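Geometric and topological summary
This is what each chain is made of:
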Amino acid sequence: MKSETMDFFAAQAKAIKNTTFLVTFFVAGALLTGVLLYYLIILLEGIKNWIEVDQFQVETWWDPPIFKICVISTTIFIVLATLWKTSQTLGPGSKVATMLGGKKIYRKDKKYSKILNVVEEMALASGMPVPDIYIIDDPTINAFAAGSNPDNAVIGFTTSCLRSCSRDELQAVAAHEFSHIRYRDIRLNTFLLSVVFGLSCIAIIGRELLYALSRKDHNNYSSSSSDSNKKGGGAEIVALAMWITGSVGYIVASVLSSAISRQREYLADASAVQFTRNPEAMKSLLMRIGKMHTFQKNKTSDLKQQEASHMFFSSLNTSILRSLFDTHPPILKRIQRIDSGFQAVAPQGEKVQSTNKGRFSKSPISMLNTSSSDQRSDTEQTATEPCKSIAIIRKRIQQIPKTLRDAAQETSGAFAISCALLLSRQDTNLRAEQKSNLTRFNAPDFQISEWVREVEVEVNALESKLLYPLAELCVPALRDMSLAQYKVFDEITACLVNSDREVDLFEFCLQQMWRRALGENFEVFKSLDRVRIFNTKRILREINLVLSAIAHTGSLELSSAQKAFQLGVNNISARKTSILTKMKPREDCSVLSLEAAIDKLRLCSDPIKQQIVNAASIIISADDYHSSSETELFRALGYCLGLPQPLTEPATGM
């Protein structure tokens, strides 16, 4: 039976819509915790009176001062507990990866060359920085993504995942995790983890307070008067109310966070298949995991891994109430979202219905016969044609000389290549001046001029389409610099970009890419990408500046630049005032002004960013000649704006 074609964009839109509703409901539930605490205190006081005097008696159900104290104090407590937990997990993904027992792997470790190559290809093809990779020693097939944004994200894989999966399946896993990074799920996961912890703290404190009061009452039982026992009753009521409220809040938060996580998993699956255009690899991977769930309990004894179970590719635990508390959808449902014609079939030929309420009493995935049109054995290695973006980037990586690829794996080599990429390729006098300036930055620990001299000839001989991929390949090794080396690196790149006293937008974008991909790692640059701007009226000058710089870069003649600029501006949904439509002269597009403009544009909502990116694409393509260098400029700009752009083949100029 031939499976139906999946509507990827509809699946993404549905998942995003459902997630928005769940997040809103989740926040509302957290705010109602204080209200529940207030009414529980009153109710328990009435129950206490009923027990003592055989009469349910409540003075009043509405006491504004007590109500305010309950709601405000509970909210403040949840916020403080949530912020504390956030401080433990927010920031570079390496913190979470290390907490989960991960071990960082390096490019020079040939044992992991397959997964390193897959992650590199996925990163470059999707327009995101190459993340660090961590390995967790675990017998289950799993993976995770962590971090607060794409600049500091990491991806982790279990040893079983690397051992058991084919290259296509590893590509599907990587694409799934890159989707979590692209759609900011990694930040949402941190939020869910922190809020659930904040609510659970109320229950913990209430429980401990009850325990302490009960011990105190027990110790003082023989000597305490009835009056002293009554005095302690109020504290016991509050403690019991806190324990019940916290428990209810924790259960509700856990159920909702699990529901949110399940929606994000559907979205990540859809996005991974959309990008790789290889649904069979994702289906094969999920079937493999389903079989593993059947023959061994997919549980972990690591409490920290259990706490972060929603960050993983597949569920870490199974439970009786799986449909409510599981952070991942049932494997069968995930497969059917990819292939709606998929049905599991028992070995005797009896069909197993897919309406299993979210759990497998006898996993259909464990049954090797399926009604899918394509069946593969566990050991068969898939060999599908890669999607266009991945095929292009794979070809470009191979076109980079091996000596440069090897040099990019070492810190000193990556440092030298990055500097060489910023040397002038046309003006020999300027190139000589730039190389002379490099000698000012030499230090006993790193001889920059000598390093650059070893790679500059090969870098200068590269085709323009290979420059940006090579710059991205250097990022993992550059993260291993010392803080002193990074400061020198930042000074050098700024010096080289500004050395010709004119803005080369591609060089500027390279510098910005390195700053964002590395600065947060060294805690000298904080990425504040919270959405704050929803109206283009606030950023008309910044849009004008960026689009003007792009128009000047892509056109030699002023008239052509102005024509291309106007075409791009027409894509911006704002009133066409002179602030937006009058193109700025080349001399006004300085490095400092562009840096300030892009920093502000990163605060815009994604729809506004998409308008800017679309306008840039129109300007670049205005002359009907979309060269490889312009393609890479477009992708670099998307990265700088915080809206990564997948690689597409230019119409001409290859």
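Just so it is clear, the model here is predicted, and its values are computed rather than measured.

**As for the overall build of the chain**
When its secondary structure is counted, the chain shows 28 helices and four strands. Going through the 654 residues of the chain one by one, you find that 54% of them count as buried. Across the chain, every contact between residues at least 6 apart in sequence was considered, and the portion connecting residues at least 24 apart equals 76%. Put simply, the chain shows about 30000 Å² of open surface, and 56% of that area lies on carbon and sulfur atoms.

**Details of the environment of tryptophan 451**
With respect to the secondary-structure elements, tryptophan 451 resides in helix H18 (residues 448-460). Judged by its relative accessible area of 18%, tryptophan 451 falls in the buried class.

**So, unusual backbone geometry**
Backbone geometry follows two general trends: most residues other than glycine have a negative phi, and most peptide bonds adopt the trans configuration. Here the phi dihedral of arginine 277 falls at roughly 55 degrees; this positive angle occurs in a residue that is not glycine. Within the fold, arginine 277 resides in the loop between helix H9 (226-276) and helix H10 (279-295). Here arginine 277 falls in the partly exposed class, since its relative accessible area comes to 47%.

**So, the nonpolar core**
Of all hydrophobic cores here, the largest spans 142 residues; its most connected members are Phe157, Phe415, Ile417, Ile448 and Trp514. Ranked by residue count, the leading element in this core is helix H22 (residues 505-519), at nine residues. Not counting chain neighbours up to four residues away, the residues in contact with isoleucine 417 comprise Leu404, Ala407, Ala408, Val455, Val459, Leu470 and Cys474. Of all hydrophobic cores here, the second largest spans 16 residues; its members include Tyr38, Leu40, Val196 and Ala253.

**Describing the side chain of serine 179**
Residue position: serine 179 is located in helix H7 (residues 167-182). Separated by 3.4 Å, the side chains of serine 179 and serine 271 make a polar contact. Once residues lying within four places of it in the same chain are set aside, the contact partners of serine 179 are Asp185, Leu267, Ala268 and Ser271.

**So, the environment of valine 130**
Following the sequence through the fold, valine 130 ends up in the loop between helix H5 (113-126) and strand E2 (132-136). On a C-alpha basis, the gap between valine 130 and cysteine 474 in space is 8.8 Å, while along the polypeptide they are 344 residues apart. For valine 130, the residues in contact, after removing those within four places along its chain, are Glu120, Ala123, Leu124, Glu472, Val475, Pro476 and Arg479.

**A word on the sheet that holds strand E1 (residues 103-105)**
Strand order in the open sheet made by the four strands is E1-E2-E4-E3, with mixed pairing throughout. The open sheet has two edge strands with one neighbour each: E1 and strand E3 (143-146). Each strand axis lies, on average, 30 degrees off the axis of its neighbour in the sheet, ignoring direction.

**Points about the confidence of the model for the chain**
Taken residue by residue, the chain gives an average pLDDT of 76. The fraction at 70 or more is 74%. Note that residues 1-9 has pLDDT below 50 and, in this model, 16 contacts with residues that lie over four places away or in other chains. Taken as a whole, residues 346-384 scores under 50 in pLDDT and shows 75 contacts with residues more than four places along the chain or in a different chain.

**A word on a nonpolar patch on the surface**
A contiguous nonpolar surface patch, about 470 Å² in accessible area, is contributed by Ile72, Ile76, Val79, Leu80 and Leu83. Position of valine 79 relative to the elements: it lies in helix H3 (residues 64-89). For valine 79, a relative accessible area of 41% puts it in the partly exposed group.

**Regarding helix H23 (residues 540-554)**
Spanning 15 residues, H23 covers 21 Å between terminal C-alpha atoms, matching the ideal 21 Å at 1.5 Å per step. Taking burial as the measure, the 15 residues of H23 include 12 buried ones, the bulk of the element. Along H23, the positions that sit buried rather than exposed are Leu540, Glu542, Ile543, Asn544, Leu545, Val546, Leu547, Ser548, Ala549, Ile550, Ala551 and His552.

**Details of the packing of H23 against helix H27 (residues 606-620)**
At their nearest, the axes of H23 and H27 sit 9 Å apart, and the two run at 25 degrees to each other. With respect to H27, the element H23 is oriented roughly parallel. Judged by the twist between their axes, the crossing of H23 over H27 is right-handed. For the pair H23 and H27, the contacting residues are Ile543, Leu547, Ile550 and Ala551 in the first and Ile612, Ala615, Ala616, Ile619 and Ile620 in the second. Taken together, the residues that form the contact of H23 with H27 break down as nine nonpolar, no polar and no charged.

**Things to note about helix H13 (residues 331-338)**
When you tally the buried positions in H13, you get six out of eight residues, the bulk of the element. By the burial criterion, the buried members of H13 are Ile331, Leu332, Arg334, Ile335, Gln336 and Ile338.

**Structural notes on the pattern of salt bridges**
Within this structure, the stated rule accounts for 21 salt bridges. A salt bridge links arginine 167 to glutamate 121; its shortest N-O distance comes to 3.0 Å. Within this pair, whereas arginine 167 is found in helix H7, its partner glutamate 121 is found in helix H5, the two being separated by 46 residues in sequence. On the accessibility criterion, arginine 167 (26% relative accessible area) is partly exposed.

**Side note on the packing of helix H16 (residues 411-421) against helix H21 (residues 483-498)**
With their axes 10 Å apart at the nearest point, H16 and H21 run at an angle of 15 degrees to one another. When the axes of H16 and H21 are compared, the pair comes out roughly parallel. In this structure, H16 crosses over H21, and the sense of that crossing is right-handed. In this structure, H16 contributes Thr411, Phe415, Ser418 and Cys419 to the contact, and H21 contributes Gln485, Val488, Phe489, Ile492 and Leu496. Broken down by class, the residue content of the contact of H16 with H21 amounts to six nonpolar, three polar and no charged.

**A closer look at the packing of aromatic side chains**
Counting across every chain of the model gives five aromatic pairs. Site record: aromatic cluster; members linked through ring pairs are Phe415, Trp451, Phe489 and Trp514. Above the plane of the ring of phenylalanine 197 lies lysine 85, whose end atom (NZ or CZ) is 5.1 Å from the centre. Between the NZ or CZ atom of arginine 337 and the centre of the ring of tyrosine 266, over which it lies, the distance is 3.7 Å.

**Considering the state of the cysteines**
Under the definition given, this model contains zero disulfides. Here cysteine 419 is not cross-linked by a disulfide; its sulfur's nearest cysteine counterpart is in cysteine 495, at 9.9 Å. For cysteine 419, a relative accessible area of 0% gives the class buried.

**Points about the pairing of E2**
Both faces of the sheet carry side chains from a regular strand, because those side chains alternate between them. The buried fraction of E2 amounts to five of the five residues, a majority that puts the element mostly inside the structure. Sheet topology places E1 next to E2; three bridges connect them, and they run antiparallel. If you follow lysine 104 over to E2, its bridge partner there is tyrosine 134. In this sheet, strand E4 (residues 154-158) lies alongside E2 in parallel orientation, the contact comprising five bridges. Paired with isoleucine 136 across the strands is threonine 158, a residue of E4.

**Structural notes on the environment of leucine 36**
Tracing the backbone through its elements, the reader meets leucine 36 in helix H2 (residues 33-53). Discounting residues that sit within four places of it in the chain, leucine 36 has contacts with Thr245 and Val248.

Rules and cut-offs
- For every chain, the first residue of the written sequence is number 1, and numbering continues from 1 onward in sequence order.
- For a predicted model such as this one, the threshold for reporting local features is a pLDDT of at least 70, and the threshold for listing and counting side-chain atom pairs is 80 or more; totals across whole chains, interfaces and linings nevertheless cover every residue.
- The basis for every side-chain value is the complete set of non-hydrogen atoms in the structure, without hydrogens or water.
- Segments assigned H or I by DSSP are reported as helices when at least four residues long, segments assigned E as strands when at least two residues long, and all are numbered from the N terminus.
- Buried, partly exposed and exposed residues are distinguished by accessible area as a fraction of the type maximum, computed with a 1.4 Å probe on protein chains only: under 20%, between the cut-offs, and over 50%, respectively.
- Residue contacts follow a heavy-atom distance rule, with two residues in contact if any of their heavy atoms lie within 4.5 Å.
- Only the protein chains shown count as cover for residues, and all accessible areas are computed by the Shrake-Rupley method using a 1.4 Å probe.
- Residues grouped as a nonpolar core are buried Ala, Val, Leu, Ile, Met, Phe, Trp, Tyr and Cys residues, joined through side-chain atoms within 4.5 Å.
- Side-chain atoms alone can form a polar contact between residues adjacent in sequence; in general such a contact is a pair of N or O atoms within 3.5 Å, and within protein one must be able to donate a hydrogen while the other accepts it.
- Strand pairing is assigned whenever DSSP detects at least two bridges linking the two strands.
- Helix axes are fitted only over the stretch in contact, all axes being lines through C-alpha atoms; the angle between N-to-C directions runs from 0 to 180 degrees.
- pLDDT gives the predictor's per-residue confidence on a scale running from 0 to 100.
- Grouping into patches uses exposed residues only, defined as over 30% relative accessible area, and leaves out salt-bridged ones; the cut-off is 9 Å for like charges and 5 Å for nonpolar side chains (Val, Leu, Ile, Met, Phe, Trp, Tyr).
- Salt-bridge detection follows one rule: a side-chain nitrogen of Lys or Arg within 4 Å of a carboxyl oxygen of Asp or Glu.
- Expected span of a helix: the number of residues minus one, times 1.5 Å.
- An angle counts as roughly parallel when it lies under 35 degrees, as roughly antiparallel when it exceeds 145, as roughly perpendicular when it falls between 65 and 115, and as oblique in every other case.
- In a left-handed crossing the near helix is turned counterclockwise from the far helix by less than a right angle, and in a right-handed crossing that turn is clockwise.
- Under the scheme applied here, ten amino acids are nonpolar (Ala, Val, Leu, Ile, Met, Phe, Trp, Tyr, Cys and Pro), four are charged (Asp, Glu, Lys and Arg), and all others, including Gly, are polar.
- Only rings of Phe, Tyr and Trp enter the pairing, Trp through its six-membered ring, and a pair is recorded when the two centres are within 6.5 Å. The plane angle decides the type: under 30 degrees is stacked, over 60 is edge-to-face, the rest tilted.
- Here, a charge over a ring means that NZ of Lys or CZ of Arg falls within 6 Å of the ring centre while also lying within 35 degrees of the ring normal.
- Our working definition of a disulfide is a cysteine sulfur pair at a distance within 2.5 Å.

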